[in-house]
Amino acid sequence: MTAEEILNSLKAKFGDAIVEAKLDAPQPWIVVNPSRTKEIAFFLRDDPATRFDYMMCLSGVDYNNGKLGIVYHLFSMVHRHKIVLKAFCTKEQPHIQSVTSVWATANWHEREAFDMYGIVIDEHPDLRRILLPYDWEGHPLRKDYQVPEFYNGMKVPY
Amino acid sequence: MIETKSLPTQYASQPGPVQTSSGKTLRTDEMIINMGPQHPSTHGVLRLEIVVEGEIIIDVIPHIGYLHRCFEKHAEHMTNYQQVIPYCDRLDYCAAINDEHSYVLAVERMLKIELPERVEYIRVVMAELQRIASHLIAVGTFGIDAGAFTPFLYAFHDRELILDLFEMTCGARLLYNYFWIGGLSHDIPPQFVDKAKQFCTYFRPRIKEFNDLLTYNEIFVKRTANVGVLPKDVALNYACSGPMLRGSGINWDLRRDDPYSVYHKLQWEPQIGKGEMGTVGDVWDRHIVRMREMEVSLSIIEQALAALPEGNVQAAIPKRIRPDAGEVYARTETPRGELGFYVISDGSGTPFRVKARAPAFVNLSVLPAISRGCMIADLVLIAGSVDIVLGQVDR
Amino acid sequence: MGLLDQRFENGNVFVTSLENLLNWARLSSLYQMQFGLACCAIEMMAASASDFDIMRFGIIPRATPRQADVMFVAGTVTLKMASRIKRLYDQMAEPRYIISMGSCANCGGPYWEHGYHVLKGVDRVIPVDVYVPGCPPRPEALLEGIIKLQEKVRKESLVKKPA
Amino acid sequence: MDAFQNLGFWRTLLVTVVLSALPLVFILLYALVTIYLEMKVAAHVQDRLAYMRTGWHGVLQPIADFIKLLQKEDIISVAADRKLFILAPYIVFMGTYGAYAAIPFSSIFIGAQIDLGAFFIVAISSLVVVGILMAGWASNNKWSIFGAVRSVAQMVSYEIPTVLAILVGVMITGSLNLQEVTKFQAGGIQDWVIFGGPLPLLQKLLITPFTVITFLILFVASLAEVNRTPFDLPEAESELVQGFFTEYSGMRWALFYVAEYANMFLVSAVAVAYFLGGWGSPFGETLSGPVLGFFWFVLKGMVLVFLQIWLRWTLPRLRVDQLMYTAWKVLVPFLFVCIVAIGLILVL
């Protein structure tokens, strides 16, 4: 299936939940509503025409204009096609729905996005920090992050 | 809908409350044990919080991040794209070349440049040599997990020979910085081809010796067969890759199915687990897939060396790399599986965002699902068969 | 401190002979704690494998800190790991020695500037006896570090240090 | 011991103390040699050299280790059960050392001429289990408890095949006294119990397969008794850190260590006494005598110890349930068959 067909079938099913799309990029992407990612993901995985059963990657991004986002790279082992989904949120309201129930691999990736960007993943079964210590303050991969002077009495900068 | 709860029960005595015939529930005691961060068998600084009932595991909670070295932050703060390569080396320190390969591939796809043939062939040779070296560490330390120390030393002895080849080429033993964007840091030395061929002829019988020592050892087979079974659907749902996925019987190899470099010009077949000693997808299958992949790599190396063309080892690229604004996700098959780099460029000379999709990170996340109901001794083996490198898990 | 260290007021012939014997025993039997952090751990493993064979110096890996004499801090120490390393150091029995292996453990290495989660040098939490530079150091460099440590142990004294 | 009955009380005491110290000297010397041997054998299996720096080819290494451990800081953690923690290594060592009393080192030297020698060894070496359980419990460390519990389960299970195998020896030699057993096989290699003992030719031919199997089972079971690979689960390094002595440091740990090596020789000595002719020379009368007897006994024991070391550096480790399976469903049934068969052949 080409990206255009995928976009059309998504539009037909979800309508206004599909915010925007860029199909002429080398890896075409579709922007979806951050509070409806789960049902869209279920549809993409279970629809026999798409069958995106393999999530390659899930990355949090700080776009440095007050916008945060999560990028889903999907792949189908059955049809061997790819698509990129994106969901954006603001720094003030960083909420994106979890897709862990669709692809189990998203669990740790989403925890990492929370850890690094502070994106709150709604409906995530176990939303804790994953890489940094549980008592760490701040979300280091945000572009405006300031490195703390001390952590637990240990000096952090060189 | 894919059923992820179809995991097989591994022992007759399932953990949980036991009822007598009169309906009374017996009390059983559960215990929490910490394995790691310093433990002989966690392959680095992984910490596993284990809930056990006697020796049987009820739950495993991995705690990672003890080696979080801020790779993604560094990638954003370097002065140019090339400076990220040494940090990629340090992600998966057992297979540094494969990490570089993935990153330079992502940037090259972004720049849309064509590489000289010679570069691609040398890259294939190096990547496959590195794959053998990495698998040797994996199976060697796996031997230690199973209680056999000697195979580890046999494996490391052979690995040294590969490191000699690398050292001859770029001067480093472990972290190379050899693949550069648009080519290689420099050409291979003249005697390299002969030495590499010698290594191939030397190493083939050694694989057999290793198999006799460990893989087909009766005790080892008893320990690993039917343990830690990872069914196909679970493997896909957790997006496992590499020997993990192939061990579960899925015929999937990025070198063949999402071709990069010159793998499509060479003759070879991916190895998959067939459940020869037990169930498809058990620990032994993952081990044998690694052993057989080493043989496949040898044949790839021999073919690539035979077809090695003459030519330049650097494509004509601008001194200052400034890809157009955009994004790319490129993936390669590393010894641990699919290593992808998601690179976003904003048109400046430094990457805007680099996300490493680390195979060890993803493969490790399946560990709790496949080790419930096992024994502590099995957990050690399952963790060993996942073949994690903490540098990649924690980045 | 070992059982006898710095228990003597002044050195005499007996004390110095005992000192020589104990120092010889200590330096020839440095049990290593089986513990690696990152890239350098692979080189440490290579050093204990057949080609370099660290056991020639009497170094045997022990899995528990209680029975170890020397800890190689081989790799990047992160802030999350630092408290654990401190605890492992505390669990080791005196006399105990630390070899900091590789640039990361020495001073933060390549992660010194932007590594928000990297401890810039393990000597900020535990005392270090020998620093082995390199990223990662070759196994030969580690062996040299061990010889340096042995030289250091040879000069230890049982006599109480002047206050 | 009969020779001392005419001496006074104090002289008897003195002689007893000196004589009982002899096995201790032997154990210490033997432990030093075997620790060195273990590492060297391992190294040569693994294509390397091991100790090279202390003395010629590192022969002084065990001595250096010993001196170092002597003056190492002695750690007893706050949460540990202090009394049991301190007591445990001594009990483990005592169990082993006590068993040496009934080992016939030579035709003129045996610590105690007990008629129930074999029985005494089996009984007193079980004391080791108590010590190990104490060590594991007192350490207040979960890995230690696991090690201790595994160790107890393993030793108790493998006691059965060991005792049954010794029983086969008793059936053939007709004695529990290890000196008597040795004298029974004094005629050289063809009279050793492993080859059927001094029986008529037909019986010997019939019985030999069973005795060889019994000896092999005894050897396997003894591996488990002393926690050696492939049965080294109690101290499985990759699983339980160091098992029951995870928390021990310095001299106390050294005591465990020496006891472990002493145990290796102990089980070998029992096997040698019952199946390999004890201190008897393999050539019958030639090259026999009290001193040469001692030499033969130690040589045979060391060959078995060497086999244990060799196996350790070759094989992987079993799992707990497989370990129990091996004991109860493989070794014990085979031994029952052997016992019945040997009994039938003997009454022929």
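Residues numbered from 1 in each chain as written. Chains lettered and ligands numbered in written order. Predicted model: local features only at pLDDT ≥ 70, side-chain atom pairs only at ≥ 80, totals over all residues. Heavy atoms only, no water.

## Thoughts on the overall build of chain C
So, step 1. Looking only at helices and strands, chain C features five helices and five strands.
So, step 2. Starting at the N terminus and walking to the C terminus, you meet the elements of chain C as α-β-α-β-β-α-β-α-β-α.
So, step 3. The C-alpha atoms of chain C give a radius of gyration of 16 Å, which matches the 15 Å a tight globule of 163 residues would have.
So, step 4. Taking the contacts inside chain C whose residues are at least 6 apart along the sequence as the reference set, 79% of them involve residues at least 24 apart.
So, step 5. If you sum the accessible surface of chain C, you get close to 5700 Å²; carbon and sulfur atoms cover 56% of it.
So, step 6. Positive and negative side-chain charges of chain C, numbering 19 and 16 respectively, have mean locations separated by a distance of 6 Å. (Helix = DSSP H or I, 4+ residues; strand = E, 2+ residues; numbered from the N terminus. Rg over C-alpha atoms; globule rule 2.2 N^0.38 Å. Contact = heavy atoms within 4.5 Å. Areas by Shrake-Rupley, 256 points an atom, 1.4 Å probe, with all protein chains shown as cover. Lys, Arg positive; Asp, Glu negative; His and termini not counted. Charge placed at Lys NZ, Arg CZ, Asp CG, Glu CD.)

## Some details on the overall build of chain A
So, step 1. When helices and strands are counted, chain A shows three helices and nine strands.
So, step 2. Start at the N end of chain A and walk to the C end: the helices and strands fall as α-β-β-α-β-β-β-β-α-β-β-β.
So, step 3. Across its three principal directions, the C-alpha atoms of chain A cover 55 × 30 × 25 Å.
So, step 4. Counting across all 158 residues of chain A, residues that qualify as buried make up 58%. (Buried < 20%, exposed > 50% of the residue type's maximum accessible area, 1.4 Å probe, protein only.)

## Some thoughts on a nonpolar patch on the surface
So, step 1. Together, Phe283, Leu287, Leu292, Phe295, Leu299, Val303, Phe306, Leu307 and Trp310 of chain D give the surface a local cluster of nonpolar side chains, amounting to about 800 Å² of exposed area.
So, step 2. Position of Leu307 of chain D relative to the elements: it lies in helix α11 (residues 290-312). (Patch = residues over 30% accessible without salt bridge, like charges linked within 9 Å, V, L, I, M, F, W, Y side chains within 5 Å. Salt bridge = Lys/Arg side-chain N within 4 Å of Asp/Glu carboxyl O.)

## Looking at the confidence of the model for chain C
All names here are of chain C.
So, step 1. When the pLDDT values of chain C are averaged, the result is 85; 94% of them are 70 or greater.
So, step 2. By mean pLDDT, the top-scoring element of chain C is strand β5 (residues 130-132) (92), and the lowest-scoring one is helix α1 (residues 13-28) (84).
So, step 3. Predicted complex metrics record ipTM = 0.88 and pTM = 0.89. (pLDDT = per-residue confidence, 0-100.)

## Section: the sheet that holds strand β10 (residues 353-357) of chain B
Residues and elements named next belong to chain B.
So, step 1. Ordered in space as β8-β9-β10, the three strands form an open sheet in which the pairing is antiparallel. On the outer flanks of this sheet lie β8 (326-334) and β10, each paired with one strand and no other. With strand direction ignored, the average angle separating the axes of adjacent strands in the sheet is 15°.
So, step 2. Direction of pairing for strand β9 (residues 337-345) relative to β10: antiparallel, over a ladder of five bridges. Directly across from Phe341, in β10, lies its bridge partner Ala356. (Pairing = 2+ DSSP bridges. Axes fitted to C-alpha atoms, helices over the stretch in contact; angles between N-to-C directions.)

## Quick word on the interface of chain B and chain D
So, step 1. Facing 34 residues of chain B, the contacting portion of chain D comprises 23 residues.
So, step 2. Summed over both sides, the interface between chain B and chain D buries roughly 2500 Å², with carbon and sulfur atoms accounting for 63% of that surface.
So, step 3. The largest share of the area that chain B buries against chain D comes from Glu55, Ile219 and Arg223 of chain B, three residues that together contribute 20% of it.
So, step 4. On inspection of chain B and its partner chain D, the count reaches two salt bridges.
So, step 5. With a closest N to O distance of 2.5 Å, Glu55 of chain B and Arg150 of chain D form a salt bridge.
So, step 6. Looking at the side of chain B that touches chain D, the elements with two or more residues in it are β3 (31-35), α4 (117-145), α5 (150-170), α6 (192-215), α7 (218-224) and α14 (376-386) of chain B.
So, step 7. Among the elements that take part in the side of chain B that touches chain D, β3 of chain B stands out by supplying five residues, more than any other.
So, step 8. Here the residues of the side of chain B that touches chain D are counted per class, giving 22 nonpolar, seven polar and five charged. (Buried area = accessible area lost by both parts, 1.4 Å probe. Nonpolar A, V, L, I, M, F, W, Y, C, P; charged D, E, K, R; others polar.)

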